[in-house]
Amino acid sequence: MHDKLIRIEAEKIEKTFAKTLLFRNINFNLGKGDSFYITGPNGSGKSTLLQILAGIQKPSSGNVIYTSDNSVIESEDYKDFLGFTGPQVNPYDMLTSIENLTFTSTESVDENLMIEYLEKFDLYRHRTKSVKYYSSGMKQRLRLIHALINNPEILMLDEPCSNLDSKGRDILYRILDEVKNNKILIIATNEPEDINLCSKGINLEQ
Amino acid sequence: MNNRILNNIKKDFLIESRNRSAINISFAFAGITTLSVSLAAGGVPFTPVIHAIIFWIILFFSAMSGLAHIFIREEEEKNSLFLSLYYTPEEIYLSKLIFNIILFLSISVIVTVLYLFFLQVLPVYLFLFILTVVAGSIAIASVTTILGAMVSKAGSGSSLFTVISFPILLPVLWTAISLTSVSIDGTGIQEYRNILFLLAFSGVIVSVSYLSFKFIWTEL
Amino acid sequence: MKIYHRFIFYFLIFIVMPAVFLMALIWVPPAEFLGESSRILYFHVPVAWISVVSFIIAGYHSIMILCTEKGRTEREYKSYNAAYSGIVFTILTVITGSIWAKISWGSYWNWDPRETSIVILMLIYISYFSLYSALKDNTNRTMISSVYLLIAMITMPFFVFIIPRVYPSLHPDTIINADRKIHLEAAMKLTLFTSIAVFTIFYGYIFRLMNRISLLEHRLQEKQNDN
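Predicted model only: the values in this text are computed from it and were never measured.

Visitor: A description of the overall build of chain B should follow, citing residues and the corresponding values.
Guide: On a plain count of helices and strands, chain B comes out with 9 helices and 0 strands. The helix and strand sequence of chain B, counted from the amino end, reads α-α-α-α-α-α-α-α-α. Against the compact-globule benchmark of 17 Å for 220 residues, chain B has a radius of gyration of 18 Å, which places it among compact chains. Here the C-alpha coordinates of chain B stretch approximately 55 × 35 × 30 Å along the principal axes. Out of the 220 residues in chain B, the part that is buried amounts to 48%. Here the contacts in chain B between residues at least 6 apart in sequence split such that 87% fall between residues at least 24 apart.

Visitor: An account of helix H6 (residues 89–118) of chain B is requested, with residue identities and associated values reported.
Guide: Helix length check: H6(B), at 30 residues, gives a terminal C-alpha distance of 43 Å against a target of 44 Å (1.5 Å per residue), a fit within 8%. Gln120(B), located one to two residues past H6(B), shows a positive phi value of around 50°.

Visitor: Outline the interface of chain A and chain B, listing residues and values.
Guide: Taken together, the contact between chain A and chain B spans 16 residues of the former and 16 residues of the latter. Tallying contributions element by element places helix H2 (residues 97–104) of chain A first for the side of chain A that touches chain B, with 3 residues. Within the side of chain A that touches chain B, the residues separate by chemical class into 7 nonpolar, 4 polar and 5 charged.

Visitor: Which residues make up the interface of chain C and chain B, and what values go with them?
Guide: If you look at the interface, chain C gives 25 residues, while chain B gives 23 residues. Looking at the side of chain C that touches chain B, the elements with two or more residues in it are helix H4 (113–134) and helix H5 (141–166) of chain C. Here the side of chain C that touches chain B gets 13 residues from one element, more than from any other, and that element is H5(C). Per-class residue counts for the side of chain C that touches chain B are 19 nonpolar, 6 polar and no charged.

Visitor: Account for the pairing of strand S7 (residues 154–158) of chain A, naming residues and giving values.
Guide: Residue and element names in this part refer to chain A. Taken across its 5 residues, S7 has 5 buried, putting it largely inside the fold. On S7, burial covers both faces: Ile154, Met156 and Asp158 on one face and Leu155 and Leu157 on the other are all buried. Where strand S6 (residues 82–85) lies against S7, 4 bridges are found, and the strand directions are parallel. Counterpart to glycine 83 in the pairing with S7 is leucine 155.

Visitor: Describe in detail the sheet that holds strand S2 (residues 20–31) of chain A, supporting the description with residues and values.
Guide: All names here are of chain A. The strand order across the open sheet formed by 4 strands is S2-S1-S4-S5, and the pairing between neighbours is antiparallel. With one partner strand each, in any of the chains shown, S2 and strand S5 (71–73) form the two edges of the open sheet. Across the sheet, the mean angle separating the axes of adjacent strands is 30° when strand polarity is ignored. Pairing between strand S1 (residues 6–17) and S2: 8 bridges, direction antiparallel. Pairing of isoleucine 13 across the sheet is with isoleucine 26, part of S2. Running at roughly 130° to S1, helix H1 (residues 46–54) makes contact with S1, S2 and strand S4 (61–68) of the sheet.

Visitor: Can you explain the sheet that holds strand S8 (residues 184–188) of chain A? Please cite residues and give values.
Guide: Residues and elements named next belong to chain A. As summarised here, the arrangement of the 5 strands in space is S6-S7-S8-S3-S9, forming an open sheet in which the pairing is parallel. Edge positions in the sheet fall to S6 and strand S9 (200–203), since each has one partner strand and no second. Averaged over all adjacent pairs, the angle separating strand axes in this sheet is 10°, with direction ignored. By the bridge criterion, 4 bridges tie strand S3 (residues 35–39) to S8 in an arrangement that is parallel. Within the sheet, the bridge partner assigned to tyrosine 37 lies in S8 and is isoleucine 187.

Visitor: Quick rundown of the nonpolar core? Include the residues and the values.
Guide: Nonpolar side chains tend to gather and get buried jointly when the protein is soluble and globular. Met156(A), Met150(B), Leu131(C) and Tyr148(C) are the most contacted members of the largest nonpolar core, which totals 139 residues. The element that contributes the greatest number of residues to this core is helix H7 (residues 126–154) of chain B, accounting for 15 residues. Discounting residues that sit within four places of it in the chain, Leu131(C) has contacts with Met150(B), Ala154(B), Leu160(B), Ile164(B), Ser145(C) and Tyr148(C). Counting residues in hydrophobic clusters, the runner-up holds 17 residues, among them Ala24(C), Val28(C), Tyr42(C) and Met188(C).

Visitor: Tell me about the environment of Ala152(C), residues and numbers included.
Guide: All names here are of chain C. Here alanine 152 shows up in helix H5. Under the C-beta neighbour-count criterion, alanine 152 is labelled buried, with 24 such atoms within 10 Å. Separated by 28 residues in the primary sequence, alanine 152 and isoleucine 124 have C-alpha atoms spaced 7.0 Å apart.

Visitor: A description of the confidence of the model for chain C should follow, citing residues and the corresponding values.
Guide: Residue and element names in this part refer to chain C. Of the residues in chain C, 87% have a pLDDT of 70 or more, and the chain-wide mean is 81. Low pLDDT, under 50, characterises residues 169–176; the stretch is placed with 10 contacts to residues that sit more than four places away or in other chains. Scoring the predicted complex yields pTM 0.89 and, for the interface, ipTM 0.92.

Visitor: Run through the packing of helix H2 (residues 41–67) of chain C against helix H3 (residues 72–105) of chain C, naming residues and quoting values.
Guide: Residue and element names in this part refer to chain C. H3 packs onto H2 with a crossing angle of 155° between their chain directions and a minimal axis gap of 7 Å. One finds that H2 runs roughly antiparallel with respect to H3. Our pair here, H2 against H3, has a crossing hand that is left-handed. Considering only residue class, the contact of H2 with H3 consists of 14 nonpolar, 12 polar and 4 charged.

Visitor: Explain the environment of Leu148(A) residue by residue, including any values.
Guide: Residue and element names in this part refer to chain A. Along the chain, the position of leucine 148 falls in helix H4 (residues 136–149). When the C-alpha atoms of leucine 148 and leucine 176 are compared, they prove to be 9.6 Å apart, with 28 residues separating the residues in sequence. The contacts of leucine 148, once residues within four sequence positions are left out, are Gly83, Tyr117 and Ile175.

Visitor: Could you give an account of the packing of H6(B) against H7(B), with specific residues and numbers?
Guide: How two helices pack is summed up by the angle between their axes together with the distance between the axes. Residue and element names in this part refer to chain B. Remark: H6 packs on H7, axes separated minimally by 9 Å, with the N-to-C direction vectors making an angle of 135°. Taken together, H6 and H7 sit at an angle that is classed as oblique. Note on packing geometry: the crossing formed by H6 with H7 is right-handed. On H7, the residues touching Lys96, Leu97, Asn100, Ile101, Phe104, Leu105, Ser108 and Thr112 of H6 are Val133, Ser137, Ile138, Ile140, Ala141, Ser142, Thr144 and Thr145. Classifying every residue of the contact of H6 with H7 by side-chain character gives 8 nonpolar, 7 polar and 1 charged.

Definitions and limits used
Residues numbered from 1 in each chain as written. Chains lettered and ligands numbered in written order. Predicted model: local features only at pLDDT ≥ 70, side-chain atom pairs only at ≥ 80, totals over all residues. Helix = DSSP H or I, 4+ residues; strand = E, 2+ residues; numbered from the N terminus. Rg over C-alpha atoms; globule rule 2.2 N^0.38 Å. Buried ≥ 20, exposed ≤ 12 C-beta atoms within 10 Å, placed from the backbone. Contact = placed C-beta atoms within 7 Å. Expected span 1.5 Å × (residues − 1). Nonpolar A, V, L, I, M, F, W, Y, C, P; charged D, E, K, R; others polar. Pairing = 2+ DSSP bridges. Axes fitted to C-alpha atoms, helices over the stretch in contact; angles between N-to-C directions. Core = buried A, V, L, I, M, F, W, Y, C linked by C-beta atoms within 7 Å. pLDDT = per-residue confidence, 0-100. Parallel < 35°, antiparallel > 145°, perpendicular 65-115°, else oblique. Left-handed = near helix turned anticlockwise from the far one by under 90°.

Below, the structure is given as structure tokens:
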């Protein structure tokens, strides 16, 4: 799947929510190797824009267009190309990390790969505990593993560093540095380090 | 796709088995209601029609207490976004439907056994009776799956669920009651045709629900 | 709407409709053994007819909401308004029906097939509104309510098969059936059909009015959003 040329385009996106205008006239076009940040003050709509790009919400006007080798991808198929995570994405509390990963991963992912990721994020030693007993930092790491493990072409992260300690951030940045040249990376964040990781971006304060 | 649906069902059973309170309460409700009826009746004999009516009312309210749970749990535990990132609405619908059918058939078995035992009823046409319970339970589970999904998005709980389920379940209840009454007292024609009616009803509801589930589940 | 269409419309509502009332209450001779109370026929039948028509309109718009994106914003309030007027007319049907039943048969309610169907229709409307208001904070409210109406609609054919079998003809036939067996005199036929026609047009008028109000409310809100 990585041989295909995936592009994601935002065309004049506008969102109004509860009678307030969040943003309008958002335009950009991204391809493999692009890393893009979305930033702005709290409440400016970063998470909303990211969810619109992921196909989870619909914009009030405008279009999001995914293309693979110049043919349009339908919104039902986005999940085949997309790894998304954010504070509203919650793995099942009653399951362990391995059970959650078994549930969400595609056939190409085997148990060894899951163990590898758990070790990378230092969650291997907690693998038999239910997610209910995880700290918020551990939960965040598990969320990131879920987004990364299927090796998606597009990676969308909403506040990836929230709740992470410095060690967690190091792990995350190391992995993102490795993969960002092969993927489209979009991060919604307020952290300057995240912004520095990206080659271009927008600020929703307007 | 079948594999993924199976995965989803396995996951639901796993979660429910770890935190058994909701399922336990559903079974307890079914058992307690049946016992309450038999105790309240105090040995007074019911006619077959009354037996049929009470039996299906117990099943109806047992369904109301338990069948919206698998959707409400996804909403309350905030897992719905997580789920929809990895599974299409159709896969989610089919797995929840199968889960509900299995759950409600189990509840029906318990209610049937307790009812027949404590109220000392033995249906004359036993085969028809069993078929009615199975077909009726499948029909109830089919309707309550899609309506449970709607109620879970509303967050109002089981009273809303009962209100919206009742009109849709009326044909099922009427048919099942008349079939059950015939099978208990052994008079009247055995209309197996009505079993087909129940199955046809389930089939139509499931098809329409399958096609329209995505409008409920995904927020567009 | 063109000017002369409007004139015909208003003529029908403001002149023919009161004329129909006069016809029903004064001009038409009372039915054979039902007496003066048979006059309620000319109000009960149209009102029952309208409640069914509303349901079909609400169902149609709900299905269209699910099928196409185009015109979704208008259909949102059209299906709601159709259901709203539908429940009002259904309640009127039940009230007029039970008054008539009391006068003619001595009891307000008889559970025969027609009465049962109208009660079921009322239950479906009530459920629809309960669901709609419970979804107050949900952006997906219209879609979910539309799916509910769709499911209610597909249940209807099953009801048609079942109801006659559940409450068999041990109960007396409804007045309406009885009337059709007795030939309606020409005058009664005329009044009845004019009444149905005029009520339908009146309903169309109300429906249009409700939709226009909803459209204006919608536009007002959009203007507020732009500021």
